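# Working through the structure, step by step
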Amino acid sequence: MAAERQLHTSAQDRDASDVLLEQVNQAIQDGLPLRIQGANSKAFLGREVAGEVLDTRIHRGIVTYDPTELVITARAGTPLSELNAALARAGQMLPCEPPTFSDGGVGDATVGGMIAAGLSGPRRPWSGSVRDFVLGTRVITGLGKHLKFGGEVMKNVAGYDLSRLMAGSFGCLGVITEVSLKVLPKPRLCTSIALEMDSARALARLAQWGQQPLPISAASHDGRVLRLRFEGGEGSVAAAHDRLGGESIDPVYWRALNEHQLDFFTDGRPLWRLSLPTNTAVLDLPGDQLIDWGGAQRWLKTSACGNEIRAIVSAVGGHATCYSHGLDDTPFQPLATPLLRYHRQLKAQLDPHGVFNPGRMYAEI
Amino acid sequence: MNILYDERVDGPLPAIDKAQLLHALQARLPDLDILHREEELRPYECDGLSAYRTTPMLVVLPERVEQVQTLLKVCHERGVPVVARGAGTGLSGGALPLEKGVLLVMARFNRILHIDPAGRFARVQPGVRNLAISQAAAPYDLYYAPDPSSQIACSIGGNVAENAGGVHCLKYGLTVHNLLKVDILTVEGERMVLGSDALDTPGFDLLALFTGSEGMLGVITEVTVKLLPKPQVARVLLAAFDSVEKAGRAVGDIIAEGIIPGGLEMMDNLAIRAAEDFIHAGYPVDAEAILLCELDGVEADVHQDCDRVRAVLEKAGATEVRQARDEAERVRFWAGRKNAFPAVGRLSPDYYCMDGTIPRRELPGVLKGICALSEEYGLRVANVFHAGDGNMHPLILFDANQPGELDRAEALGGKILELCVKVGGSITGEHGVGREKINQMCAQFNSDELTLFHAVKAAFDPSGMLNPGKNIPTLHRCAEFGAMHVHMGKLPFPELERF
């Protein structure tokens, strides 16, 4: 264990939870809101928050990592690149492939931000989301306490699952200071292919393949080409490649897709994310679409208004998020009435002084 | 300390006139089946934790969501506590009734509403049995992954309420990882949908919060689960070891090899002997521990992984490694494990099943600790362990007819759970807190953490009418438990009965 710890520490590691706690307590006392941020790499998501910045990056470092336990615990301010590097050294990975939306340099995305935003990459439909890999958290609450929920074990049903609730809550329920994540070994083999076909055919094939034990771990379609990634043992990956054929492609594609670096994303029109039931047919929407997650996530470049997009997307059981900052006052799809009421009640209970990122997700919370 | 509802420490419950409530319900819901006579109520006095029994005031057996909705409205107006129950197989007393409450039995909601093979999901009513979902999906070569041992009987609504696990969690996750959407009724009888048919939903992840919330935040009326393609093949290796430490280390070695088995189970000698006597699975009865390692997936990969795992096991000092030759033998190997509880039950008039989790590396120390506690309390303990995910099921053997043995079993169980917490684990991996582990919650969480849990409850059920007394102890209970705890083992007045 001592050796493991040695391996993952860096000179900048520091437990600054007392500093963060003090800042929260001051905010509670003064009744002044905080704008919680790591590297601010996902500032484009959500609404503007007026508040004093609480920067989690002073609280950083991997706390424990024992590869045979498949669990890593890191402070919120730890750069995601540092976490990924430690995992890679042990032949492991965070299967949900969170995007960083940063360059890996000074403005590098943090572990805390990854949890708070809850965004997952191309592997998500097959591996699970960021939330699915959360085992435990430490959180500074709206009552000014630094508390621990969940833990470092795979199964834990004691009390309410506050750790997974924190994932994707955009800092509106508390300051995440530390997180324990389940990790997995990297697949032994990874191959990516491209097949030319139109969207309708691609979605039909994906629905059909989805019912078979194929080692697909990513599936994207740009209107013309279906790209697939296979991951697993040598036998299954080779068999899938043989069966489906296609051209081999550079796997760097998936990173470019995940980080929004493909040409598709450079188009000047606003960007919308559509989250849809897996077997949703081709959606007729103004603008251009890029299909990810085997059809369950689609990117839309359009000048159409939010209401128009949401009417079409809601009708098939999905929702739409605006990724172009400031364009829409409700970047996240508005909540149904009873849901919004319970969101407000939960916010009022967990953040009674309203200090944590007020309005970041919705004006009312 | 008594785990039955105690108004003194668990909070006062409103005094309800049974006849008036019955009359009101009959008037508002003339077609609802309501049980109210002593002899009708008796079968519902406990769930799978049968050592604890309370006769409910009334039992209702609705068949339509509108009935549940009206029932909740009536109970809410009158301040009547409601305890929801599925199949009643829970092992932590999560559906233990209240004398002053209505038991809401959801078992008649047993219809599979829709199987969508292309979308790979199933929409079902909450009373549908876990196994029935996989059976209904089987024609499409799909299945529902979480498989608690009680899967032939337990209901999916109960699985959601408890965040049920099973033997395949390391690879396939818990209930929470296999859900898309849950329809609920709030304490006021209002409909709300958590999650969606898509992979995520806007707002807070209330689906995750409700999963495992033990009926404290709402009543589940419909569940949409994910279905997975059935693995092409599954193979099982059985390895025998002459010490549990070696078996424990072998588990870490398999993971270090980069292999995630579909199932990875350990049993100690007492459990092995009991299972072999009962099922004749072909287990080596003189082994100190056995590991069952199931590898599933595409044939070519599984074949390779079997060779890899065999090499790891041999290197780790296994005295014998056997691969099930055919499907019949594979099923037999698993039958021994899946029937370990009843098998151990044959060794003793009663047994008490624990459910702690620990970081896997702590296994040897914790097993030693359990062994010492077993001697101290004079009760045998058999160990069954979901080794892949660190979930232990020590089975404490006792005889409830011997005065004081149940108390001793309970005290021993409590000590084992506290040991789990001490090494960084949890008091419950998959059975839930319910009433059973209400006192041990005070060991795992401090008063600030418990206060936050109560705040979550207050956001959804401010008057505390849904399943009162379960899952989260009052600070009052913890204070009293803490005071008693100091003297545990040297209780004042040991001759007094303590249930």
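Residues numbered from 1 in each chain as written. Chains lettered and ligands numbered in written order. Predicted model: local features only at pLDDT ≥ 70, side-chain atom pairs only at ≥ 80, totals over all residues.

Secondary structure assignment for chain B yields 18 helices and 18 strands. Relative to the compact-globule value of 23 Å for 499 residues, chain B shows a C-alpha radius of gyration of 23 Å, a close match. The principal-axis extents of the C-alpha atoms in chain B amount to approximately 70 × 65 × 40 Å. Per-residue burial for chain B yields a buried fraction of 57% across its 499 residues. Pairs at least 24 residues apart make up 72% of the contacts formed inside chain B by residues separated by at least 6 positions. (Helix = DSSP H or I, 4+ residues; strand = E, 2+ residues; numbered from the N terminus. Rg over C-alpha atoms; globule rule 2.2 N^0.38 Å. Buried ≥ 20, exposed ≤ 12 C-beta atoms within 10 Å, placed from the backbone. Contact = placed C-beta atoms within 7 Å.)

Right, let's get into the interface of chain A and chain B. Listed by partner, the interface residues are 69 residues for chain A and 79 residues for chain B. Counting only elements with at least two residues in the side of chain A that touches chain B, the list comes to helix H5 (124-127), helix H6 (130-133), strand E7 (146-150), helix H7 (162-166), strand E9 (184-185), helix H9 (234-244) and helix H12 (337-350) of chain A. A per-element tally of the side of chain A that touches chain B places H12(A) first, with eight residues. Within the side of chain A that touches chain B, the residues separate by chemical class into 30 nonpolar, 27 polar and twelve charged. (Nonpolar A, V, L, I, M, F, W, Y, C, P; charged D, E, K, R; others polar.)

What follows concerns the nonpolar core. Counting 220 residues, the largest nonpolar core has Leu104(B), Ile290(B), Leu291(B) and Ile396(B) as its most contacted members. If one sorts the elements of this core by residue count, helix H15 (residues 405-422) of chain B sits on top with eight residues. When residues no more than four places from it in sequence are discounted, the contact partners of Leu291(B) are Ala239(B), Ala247(B), Ala250(B), Val251(B), Leu264(B), Met266(B) and Ala387(B). Leu203(A), Ala219(A), Leu226(A) and Phe230(A) belong to the second largest nonpolar core, which has 15 residues in total. (Core = buried A, V, L, I, M, F, W, Y, C linked by C-beta atoms within 7 Å.)

Residue and element names in this part refer to chain B. Among the nine residues in strand E14 (residues 289-297), nine count as buried, and that is most of the element. Side chains Ala289, Leu291, Cys293, Leu295 and Gly297 of E14 all project onto a buried face; the interleaved residues Ile290, Leu292, Glu294 and Asp296 project onto the opposite face, where all are buried too. As paired elements, strand E12 (residues 233-241) and E14 share nine bridges and run antiparallel to each other. Across the sheet, the residue bridging to Ala234 is Asp296, located in E14. Both strand E13 (residues 263-268) and E14 contribute to a ladder of six bridges, which runs antiparallel. (Pairing = 2+ DSSP bridges.)

Right, let's get into unusual backbone geometry. One can expect most non-glycine residues to show negative phi and most peptide bonds to be in trans. For Phe101(A), which is not glycine, the phi torsion reads 45° and is therefore positive. Along the polypeptide, Phe101(A) turns up in the loop between strand E5 (92-93) and helix H4 (111-117). Positive phi, close to 55°, is recorded for His280(B), a residue that is not glycine.

Our focus in this paragraph is the sheet that holds strand E17 (residues 381-386) of chain B. Residue and element names in this part refer to chain B. Across the sheet, which stays open at both edges, the seven strands sit in the order E15-E12-E14-E13-E17-E18-E16 with antiparallel pairing between neighbours. The open sheet has two free edges, formed respectively by strand E15 (320-323) and strand E16 (350-353), since each of these has just one partner strand. If you compare each strand with its neighbour and ignore which way they point, the axes differ by 15° on average. With four bridges joining them, E16 and strand E18 (residues 391-398) adopt antiparallel strand pairing. Note that in E18 the partner of Asp350 across the bridge is Phe398. Packed on one face of the sheet, helix H10 (residues 269-279) meets E13, E14 and E17 and runs near 100° to E13. Helix H12 (residues 327-338) contacts E12, E13 and E14 of the sheet and is inclined by roughly 55° relative to E12. (Axes fitted to C-alpha atoms, helices over the stretch in contact; angles between N-to-C directions.)

What follows covers the pairing of strand E5 (residues 112-116) of chain B. Residues and elements named next belong to chain B. Here E5 runs beside strand E6 (residues 121-124); their pairing, made up of four bridges, is antiparallel. For Asp116, the partnering residue across the bridge sits in E6 and is Phe121. Count of turn residues in the E5/E6 antiparallel hairpin: four residues, of which Arg120 carries a positive phi of about 55°.

Residue and element names in this part refer to chain A. Assignment of secondary structure puts Phe133 in helix H6. Along the primary structure Phe133 and Ser41 are separated by 92 residues, whereas in three dimensions their C-alpha atoms are 21 Å apart. For Phe133, the contacting residues outside a window of four places in its chain are Leu94, Pro95, Cys96, Gly128, Leu181 and Lys182.

The terminal C-alpha atoms of H12(A) lie 20 Å apart, and with 14 residues this matches the ideal 20 Å at 1.5 Å per residue to within 8%. Taken together, the buried positions of H12(A) are occupied by Tyr342(A), His343(A), Leu346(A), Lys347(A), Gln349(A) and Leu350(A). Down the axis of H12(A), the buried side of the element spans an arc of 165°, and every buried residue falls inside it. The inward-facing, buried residues of H12(A) contact helix H17 (447-460) of chain B. (Expected span 1.5 Å × (residues − 1). Arc of directions from axis to C-beta.)

Before going further, it helps to examine the domain arrangement of chain B. All names here are of chain B. As far as domains go, chain B holds domain 1 (7-105), domain 2 (112-229), domain 3 (233-343) and domain 4 (350-382 + 398-485). Using only C-alpha atoms to locate each centre, domain 2 and domain 4 end up separated by 26 Å. With eleven residues of domain 2 at the contact, the number on the domain 4 side is 13 residues. Looking at the side of domain 2 that touches domain 4, its residues break down into five nonpolar, four polar and two charged. (Domains from an automatic or database assignment.)

We now examine the environment of Pro117(B). As for its placement among the helices and strands, Pro117(B) is situated in the loop between E5 and E6. Pro117(B) has contacts with Gln211(A), Tyr140(B) and Leu142(B), leaving out every residue within four places of it along the chain.

For the rest of this paragraph, the subject is the sheet that holds strand E3 (residues 62-66) of chain A. Across a sheet, strands are paired by hydrogen bonds formed along the backbone, either parallel or antiparallel in direction. Residue and element names in this part refer to chain A. Strand order in the open sheet formed by five strands is E3-E4-E8-E6-E7, and the pairing between neighbours is antiparallel. Across the chains shown, the open sheet's two edge strands, defined by having one partner strand only, are E3 and E7. Direction aside, neighbouring strands of the sheet carry axes that sit 15° apart on average. Summarising the sheet, strand E6 (residues 134-140) and E7 pair through five bridges and their orientation is antiparallel. Across the sheet, Arg138 pairs through a bridge with Lys148, a residue of E7. Against the sheet, helix H2 (residues 17-30) makes contact with E6, E7 and strand E8 (175-182), and its axis sits at roughly 135° relative to E8, the strand it touches most.

Let us look at the packing of H9(A) against helix H11 (residues 299-315) of chain B. One way to put it is that H9(A) packs onto H11(B) with a least axis distance of 6 Å and a crossing angle of 165°. Here H9(A) lies roughly antiparallel to H11(B), going by the angle between them. Here the hand of the crossing between H9(A) and H11(B) comes out right-handed. Residues Gly235(A), Ser236(A) and Ala239(A) of H9(A) form the contact with H11(B), whose participating residues are Ala300(B), Asp301(B) and Gln304(B). Taken together, the residues that form the contact of H9(A) with H11(B) break down as two nonpolar, three polar and one charged. (Parallel < 35°, antiparallel > 145°, perpendicular 65-115°, else oblique. Left-handed = near helix turned anticlockwise from the far one by under 90°.)

With that settled, the discussion passes to the confidence of the model for chain A. Across chain A, the average pLDDT comes to 95, with 97% of residues at or above 70. Between residues 1-6 of chain A, whose pLDDT stays under 50, and residues either more than four places distant or in other chains, the model counts three contacts. (pLDDT = per-residue confidence, 0-100.)

Moving on to the domain arrangement of chain A. Residues and elements named next belong to chain A. For chain A, the assigned domains read domain 1 (2-185) and domain 2 (189-322). Here the C-alpha centre of domain 2 lies 28 Å away from the C-alpha centre of domain 1. Taken together, the residues of the side of domain 1 that touches domain 2 sort by class into five nonpolar, two polar and three charged.

Residues and elements named next belong to chain B. Across its 15 residues, helix H14 (residues 363-377) extends 21 Å between first and last C-alpha, which sits within 8% of the 21 Å expected from 1.5 Å per residue. Tucked inside the fold, the buried residues of H14 contact helix H9 (244-256), E17, E18 and H15. Positive backbone phi, approximately 65°, marks Gly378, located one or two places after H14.

A word on the confidence of the model for chain B. Residues and elements named next belong to chain B. The predicted model of chain B has a mean per-residue pLDDT of 94, with 97% of residues at 70 or higher. Note that residues 486-499 has pLDDT below 50 and, in this model, six contacts with residues that lie over four places away or in other chains. What the predictor reports for the complex is a pTM of 0.95 with an ipTM of 0.97.

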